[in-house]
Amino acid sequence: MANKLISIQTEPFSVETAIADVKAVSNGIGAVVTFLGIGRDISKGEVITDLNFEHYPGMAEKKLEDIRARALLNFNIIEMAILHRIGPIAIGEDIVLIVAASAHRNDAFMACEWAITELKRVTPIWKTETTSKGAVWVSQTP
Amino acid sequence: MANKLISIQTEPFSVETAIADVKAVSNGIGAVVTFLGIGRDISKGEVITDLNFEHYPGMAEKKLEDIRARALLNFNIIEMAILHRIGPIAIGEDIVLIVAASAHRNDAFMACEWAITELKRVTPIWKTETTSKGAVWVSQTP
Amino acid sequence: MLQVKFFAMLRGIAGVESKEFDISAPVTVRELKEIILADIPALTEALESRSMLISVNQEVAHDNDTVSDGDEVAFLPPFSGG
Amino acid sequence: MLQVKFFAMLRGIAGVESKEFDISAPVTVRELKEIILADIPALTEALESRSMLISVNQEVAHDNDTVSDGDEVAFLPPFSGG
């Protein structure tokens, strides 16, 4: 199960499938909160034409597994999925998906927001943004 | 546009389509937060076999439009969709969907959480829960 | 003629989805409630509950608001959508 | 042999994705850093930045931790995933 719920992949993911995978875990799920990160056309005032993500294979997956495990331990949620794409990503394309499911909505909101913040903090994934000046490594995402 | 973004309907909605409709509004969208309410099998300790929703036609749609308008006014979001199903709903089926899109994630989280809380507070929609004792009107949802 | 709609458990108690009342002059919501209760006494407990909302032309109204011929009035039990 | 991996902008500066270093006895992370900088001086500014993390066998490590033969060490610039 955890294999489907944690993934770093080059191909696009399906939000519908990820939600269905999480919902399949329990009929006690009453709330699913989803965070979807998308490639924006503007960053710090610059027009972005392209994004590219790379990760530390092995360590990055381990960190996502660890975020899921800590979310299940520390929040009153029933299941969580975390998917992240790597490689070239066009503007408007999905980058990252977090799905948090709980009986009541507050728990799913809290866990989902924590998980995306934690993902940005601890997961060895890096991106380049391509502007008219070329591709540059982004050194920090808020 | 608002027609697709606000809907009270008997047929199931597509989360994927709703997110796509919202994303289509702007390439400046970097975050989409989605809340999905689902029919649970247990409520206040009772086993639920079935749900049924009814609404005040006209007024309920107006309230959802109003929630969307206030969310766009009061939160730093780019777009919002609100879909609610009525009629019979089986356990595990989707009931309500809120999609909030913004440049940065905090705004979408705040607007999405506010919108579902406000929906429950002001929208004339009612449900029955069917247990072994029969179908009863639920007088309040937390 | 003024149309009064009953939703959810109120519809079950009233036995009808909606009913028309012949209100010649404007009356307050409170006065309309009395007219309705005289006609459908079974609604007394429900309509006098503090958690019951009333709408006039699909906007929430209060006891001292007035309703006139042609208005659409509804009694709204506590919501349970979402 | 100990493998050192360079990610993101570090890969560009080092000119390689990874490089093997012959460390006979265990050394501290700080000592390993000096060995690497002697070999690839272009990395000096980057590796001495306070925002650079180091991992040993895919766990974040610190200057006084030791690394041994067979370990996988990586230098991790500030993350920008999500």
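Here the structure is a predicted model, which is why all the values come from computation and not from measurement.

A.B. asks: Looking at this structure, I do not really get the arrangement of the chains. What am I missing?
C.D. replies: Taking contact number as the criterion, the leading pair out of three pairs of chains in contact is chains A and B. Between chain A and chain C there is no contact, and the shortest C-alpha to C-alpha distance separating them is 10 Å.

A.B. asks: Help me out: how do you make sense of the packing of helix H2 (residues 15–23) of chain A against helix H2 (residues 15–23) of chain B in this one?
C.D. replies: The description of two packed helices rests on the angle between their axes and on the distance between the axes. Two elements in contact, H2(A) and H2(B), have axes whose closest approach is 8 Å; the angle formed by their N-to-C orientations is 140°. With respect to H2(B), the axis of H2(A) lies oblique. As for the relative orientation of H2(A) and H2(B), their crossing is right-handed in sense. Here A:Val15, A:Glu16 and A:Ile19 of H2(A) lie close against H2(B), whose contacting residues are B:Val15, B:Glu16 and B:Ile19. Looking at the contact of H2(A) with H2(B) residue by residue, the class counts come to four nonpolar, no polar and two charged.

A.B. asks: I would appreciate a short explanation of the pattern of salt bridges in the present structure.
C.D. replies: Residues and elements named next belong to chain A. Here the structure, examined in full by the defined rule, presents 28 salt bridges over all chains. As a salt-bridge pair, Arg85 and Glu93 come within 3.0 Å of each other at their nearest N and O atoms. If you follow the salt bridges from partner to partner, you end up with Asp66, Arg70, Glu118 and Arg121 in one network.

A.B. asks: Quick question: what am I supposed to make of helix H2 (residues 29–39) of chain C here?
C.D. replies: Think of an α-helix as 3.6 residues a turn; residues three or four steps apart then line up on the same face. Residues and elements named next belong to chain C. Listed as buried for H2 are Val29, Leu32, Lys33, Ile36 and Leu37. Viewed end-on, H2 has its buried residues packed into an arc of 135°, placing them on one side of the element. Exposed side of H2, more than 90 degrees from the buried face: Glu34 and Ala38 are the residues found there.

A.B. asks: Explain the interface of chain B and chain A here, please?
C.D. replies: Many descriptions give the size of an interface as the accessible area lost when the pieces come together. Facing 35 residues of chain B, the contacting portion of chain A comprises 35 residues. Interface area lost by chain B to chain A is led by B:Arg40, B:Arg105 and B:Phe109, which between them contribute 23%. Remark: the boundary between chain B and chain A carries two salt bridges. Linking chain B to chain A there are 16 residue pairs in polar contact (both at pLDDT 80 or more).

A.B. asks: Just checking my understanding: could you explain unusual backbone geometry for this structure?
C.D. replies: The bulk of non-glycine residues show a negative phi, and the bulk of peptide bonds are trans. With phi around 70°, C:Gln58 is a residue other than glycine that occupies positive phi space. Tracing the chain through its elements places C:Gln58 in the loop between strand E4 (53–56) and strand E5 (59–61). Accessibility expressed as a relative area gives 15% for C:Gln58, which makes it buried. One non-glycine residue, D:Ala8, lies in the positive phi region at around 55°.

A.B. asks: I keep staring at the relation of the copies chain B and chain A and nothing clicks. Help me out?
C.D. replies: The operation linking the two copies of the chain is a rotation about an axis combined with a translation along the axis. Under the fitted operation, chain B is carried onto chain A by 0.0 Å of movement along the axis and a turn of 180°, and the coordinates agree to an RMSD of 0.0 Å. Here the transformation between the copies is reduced to the relation of a two-fold axis. Taking the C-alpha atom as reference, chain B places B:Thr34 closest to the rotation axis, 2.5 Å from it. Take the interface residues of chain B: 100% of them recur as interface residues in chain A, which is what a same-surface contact looks like.

A.B. asks: Explain the sheet that holds strand E1 (residues 2–6) of chain C to me, please; I cannot follow it from the model alone.
C.D. replies: Neighbouring strands of a sheet are bound in pairs by backbone hydrogen bonds; such pairs are parallel or else antiparallel. Residues and elements named next belong to chain C. If you trace the five strands from one edge of the open sheet to the other, you get E2-E1-E7-E4-E5, paired in mixed fashion. Both outer strands of the open sheet, strand E2 (18–21) and E5, are each paired with one neighbouring strand and no more. Put simply, the sheet's adjacent strands are angled 30° from each other on average, direction ignored. For E1 and E2, the ladder comprises four bridges, and the chain directions are antiparallel. Pairing of Val4 across the sheet is with Lys19, part of E2.

A.B. asks: Sorry, what's going on with the side chain of B:Glu54 here?
C.D. replies: Here B:Glu54 lies in strand E5 (residues 50–55). Judged by its relative accessible area of 15%, B:Glu54 falls in the buried class. In terms of polar contacts, B:Glu54 uses its side chain to reach the backbone amide nitrogen of C:Ala8, at 2.9 Å. Within the local environment of B:Glu54, its side chain forms a polar contact with the side chain of C:Arg11, the two groups lying 2.7 Å apart. Dropping the residues within four chain positions of it, B:Glu54 is found in contact with B:Ile86, B:Pro124, B:Ile125, B:Trp126, B:Trp137, C:Phe7, C:Ala8 and C:Arg11.

A.B. asks: Honestly, the environment of B:Thr131 in this entry has me stumped. Any pointers?
C.D. replies: Residue and element names in this part refer to chain B. Structurally, the position occupied by Thr131 is in strand E9 (residues 125–131). Along the backbone, Thr131 and Lys44 are 87 residues apart, and their C-alpha atoms lie at a distance of 11 Å. Filtering out sequence-adjacent residues up to four positions away, Thr131 remains in contact with Glu46, Val47 and Ile48.

A.B. asks: Any chance you could explain the interface of chain B and chain C here in plain terms?
C.D. replies: Each side of the interface is counted separately: chain B has 27 residues, and chain C has 19 residues. Between chain B and chain C, roughly 1,800 Å² of surface is buried when both sides are summed, and carbon and sulfur atoms account for 56% of that area. Counting across the chain B and chain C interface gives two salt bridges. The shortest N-O distance in the salt bridge between C:Glu59 and B:Lys62 comes to 3.5 Å. Here chain B is connected to chain C by eleven residue pairs in polar contact (both at pLDDT 80 or more). Elements supplying a minimum of two residues to the side of chain B that touches chain C: E5, helix H3 (59–74), strand E8 (94–102), helix H4 (105–122) and E9 of chain B. Ranked by the residues each element gives to the side of chain B that touches chain C, the list is headed by H4(B), at five residues.

The rules behind the values
- Residues numbered from 1 in each chain as written.
- Chains lettered and ligands numbered in written order.
- Predicted model: local features only at pLDDT ≥ 70, side-chain atom pairs only at ≥ 80, totals over all residues.
- Heavy atoms only, no water.
- Contact = heavy atoms within 4.5 Å.
- Axes fitted to C-alpha atoms, helices over the stretch in contact; angles between N-to-C directions.
- Helix = DSSP H or I, 4+ residues; strand = E, 2+ residues; numbered from the N terminus.
- Parallel < 35°, antiparallel > 145°, perpendicular 65-115°, else oblique.
- Left-handed = near helix turned anticlockwise from the far one by under 90°.
- Nonpolar A, V, L, I, M, F, W, Y, C, P; charged D, E, K, R; others polar.
- Salt bridge = Lys/Arg side-chain N within 4 Å of Asp/Glu carboxyl O.
- Buried < 20%, exposed > 50% of the residue type's maximum accessible area, 1.4 Å probe, protein only.
- Arc of directions from axis to C-beta.
- Buried area = accessible area lost by both parts, 1.4 Å probe.
- Polar contact = N/O pair within 3.5 Å; in protein donor to acceptor, adjacent residues only side chain to side chain.
- Least-squares fit on C-alpha atoms with pLDDT ≥ 70 in both.
- Pairing = 2+ DSSP bridges.

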